[in-house]
Amino acid sequence: MSRRLRPEALLVALQSALPDSKETIALHEPRFSGNEWAYVKECLDTGWVSSAGRFVDRFEERLADYTGASYAVAVSTGTAALHIALILAGVQPDDEVIVPSLTFVATANAVRYCGAVPHFADVEYATLGLDPHKLRRYLHEIAEVAYGYCYNKQTGRRIKAVVPMHTFGHPVDLDPLAELCGLYRLELVEDAAESLGSFYKGRHTGTFGKLAAFSFNGNKIITTGGGGAIVTNDAELARQAKHLTTTAKTPHPWAYVHDRVGFNYRLPNLNAALGCAQLEQLDAFVAGKRKLARRYETALGGIKGVGLFREPGFARSNYWLNTLLLDEPQLAARDEVLELLNAHGIMCRPAWVPMHKLPMFANSPKDDLAVTDNLERRMINIPSSVYLGAGDAKA
Ligand SMILES: *Cc1c(COP(=O)(O)O)cnc(C)c1O
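Residues numbered from 1 in each chain as written. Predicted model: local features only at pLDDT ≥ 70, side-chain atom pairs only at ≥ 80, totals over all residues. Heavy atoms only, no water.

Asker: Quick one: what's the story with the pairing of strand 11 (residues 228-232), residue by residue and with numbers?
Answerer: Of all five residues making up strand 11, five are buried, and the element is well covered by its neighbours. By the alternation rule, side chains of strand 11 split into Gly 228, Ile 230 and Thr 232 and Ala 229 and Val 231, which are all buried. By the bridge criterion, five bridges tie strand 1 (residues 71-75) to strand 11 in an arrangement that is antiparallel. The partner of Val 73 across the bridge, within strand 11, is Ile 230. Relative to strand 11, strand 10 (residues 211-215) is paired through four bridges, and the arrangement is antiparallel. For Ala 213, the partnering residue across the bridge sits in strand 11 and is Ile 230. (Buried < 20%, exposed > 50% of the residue type's maximum accessible area, 1.4 Å probe, protein only. Helix = DSSP H or I, 4+ residues; strand = E, 2+ residues; numbered from the N terminus. Pairing = 2+ DSSP bridges.)

Laid out in structure tokens, this is it:
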């Protein structure tokens, strides 16, 4: 029996799971079905549209409540959240920071913003995120702990932090990763940009390390138009995160005094208003996405040569982006599927070109990245908007 993929059969299967539509079905559309209009109107009516206002405070409180983190600091983008989280984790110029090569470019860029060097590690098939066991073997080979810090024996640089990323919303295996960070004196900073609403062994992603970053960009599970947040359980880090992202202005009734070079990374009240309304619907959004994933799985049941990536056993994932996994790692087959589905109005995209293949990171240190390279040739993201699973699409 042949396991060869027939792209036409895949197309028909996906069509059976999706609504009839004359227009292209987008990869991910935001959904504004709650209090968005009311809250944004309130900002306009009261004039509180910019860098202060009650929606910013409320959004931070609700985010902390939802994730179980002690503190959340709202910022202008997820990238800004990553940048500040790395600074507060103590990343300094010329340090190295371990990141997956399979990620969105912001993870590696944020390391460079600190003047540090991204050091790429491989991912595992079970999670699409950092492989803690492979990383352990790698660190055993290249790293040593001296004077309380971890050093790369090959480059002489300090390795300061590890930044796992929860790919398409699926949690990485955090327990062994946290243990490894303890062993090697590395700070754990989660790139949880895609994983709001995703839990690892019952605990929300983004609460396992020193700090974490979330994103509320237009394509994420909830959106503020553009925005992000830093979460932490450490009161002092939260205070510093607020200070650094609001130009490091010292509290004073009228004087402009700034005590260090800060950043203007604050989230406007207008955006936070959207965020408050979106957060109220997050549980419904996650339910819709999980329903869509089950529908896709059923539809793909009889299709040879391809499957849907499924959440790891320890996770309850938000299924932010559904992902097809071709059995064969073959760029030609992948691109054939991309051509066909896109031509038939089903928007789909390959995963990111891995970081170690991008020109600005070509000389960065790296482990063997065989799984990353394999997955790059097998992954395709398919339409995953909340409305597709919310019951108003055909069953
Ligand atoms: C979206 C995203 C970011 C960056 O978020 P922005 O809000 O777009 O700056 C960072 N990392 C990952 C993995 C992302 O998907």
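Asker: Give a detailed account of the sheet that holds strand 16 (residues 379-382), specifying residues and quantitative values.
Answerer: Pairing within the open sheet is antiparallel, and its four strands lie in the order 12-14-16-15. A single partner strand is all that each edge strand has here, and the edge strands are strand 12 (306-308) and strand 15 (349-350). Its contacts with the sheet place helix 10 (residues 282-300) against strand 12, strand 14 (322-326) and strand 16, and it is angled at close to 160° to strand 12. (Contact = heavy atoms within 4.5 Å. Axes fitted to C-alpha atoms, helices over the stretch in contact; angles between N-to-C directions.)

Asker: Explain helix 9 (residues 269-279) to me, using residue names and the numbers behind them.
Answerer: Counting buried positions along helix 9 gives nine out of eleven residues, so the element sits mostly inside the fold. Taken residue by residue, helix 9 has Asn 269, Ala 272, Ala 273, Leu 274, Gly 275, Cys 276, Ala 277, Gln 278 and Leu 279 as its buried positions. Structurally, helix 9 contributes buried residues whose contacts are with helix 2 (36-46), helix 3 (54-67) and helix 10.

Asker: Kindly report on the sheet that holds strand 8 (residues 199-200), identifying the contributing residues and their values.
Answerer: Across the sheet, three strands lie side by side as 9-8-13; this open sheet has antiparallel pairing. Each having just a single partner strand, strand 9 (203-204) and strand 13 (315-316) make up the two edges of the open sheet. Relative to strand 9, strand 8 runs antiparallel, the two sharing two bridges. Directly across from Tyr 200, in strand 9, lies its bridge partner Arg 203.

Asker: Could you give an account of the environment of Leu 341, naming the residues involved and the relevant values?
Answerer: Assignment of secondary structure puts Leu 341 in helix 11 (residues 331-343). Accessibility expressed as a relative area gives 0% for Leu 341, which makes it buried. Along the primary structure Leu 341 and Glu 8 are separated by 333 residues, whereas in three dimensions their C-alpha atoms are 8.9 Å apart.

Asker: Please give an account of the site of the ligand that cites residues and values.
Answerer: Around the ligand there are 16 residues in total, and Gly 78, Thr 79, Glu 194, Ser 215 and Lys 220 lie nearest to it. At a separation of 2.5 Å, an oxygen atom of the ligand approaches a polar side-chain atom of Glu 194. Among the secondary structure elements, those contributing two or more residues to the shell around the ligand are helix 4 (78-88) and helix 5 (105-113). For the shell around the ligand, the element with the most residues is helix 4, which contributes three residues. Residue classes in the shell around the ligand are distributed as five nonpolar, eight polar and three charged. (Near = heavy atom within 4 Å. Polar contact = N/O pair within 3.5 Å; in protein donor to acceptor, adjacent residues only side chain to side chain. Nonpolar A, V, L, I, M, F, W, Y, C, P; charged D, E, K, R; others polar.)

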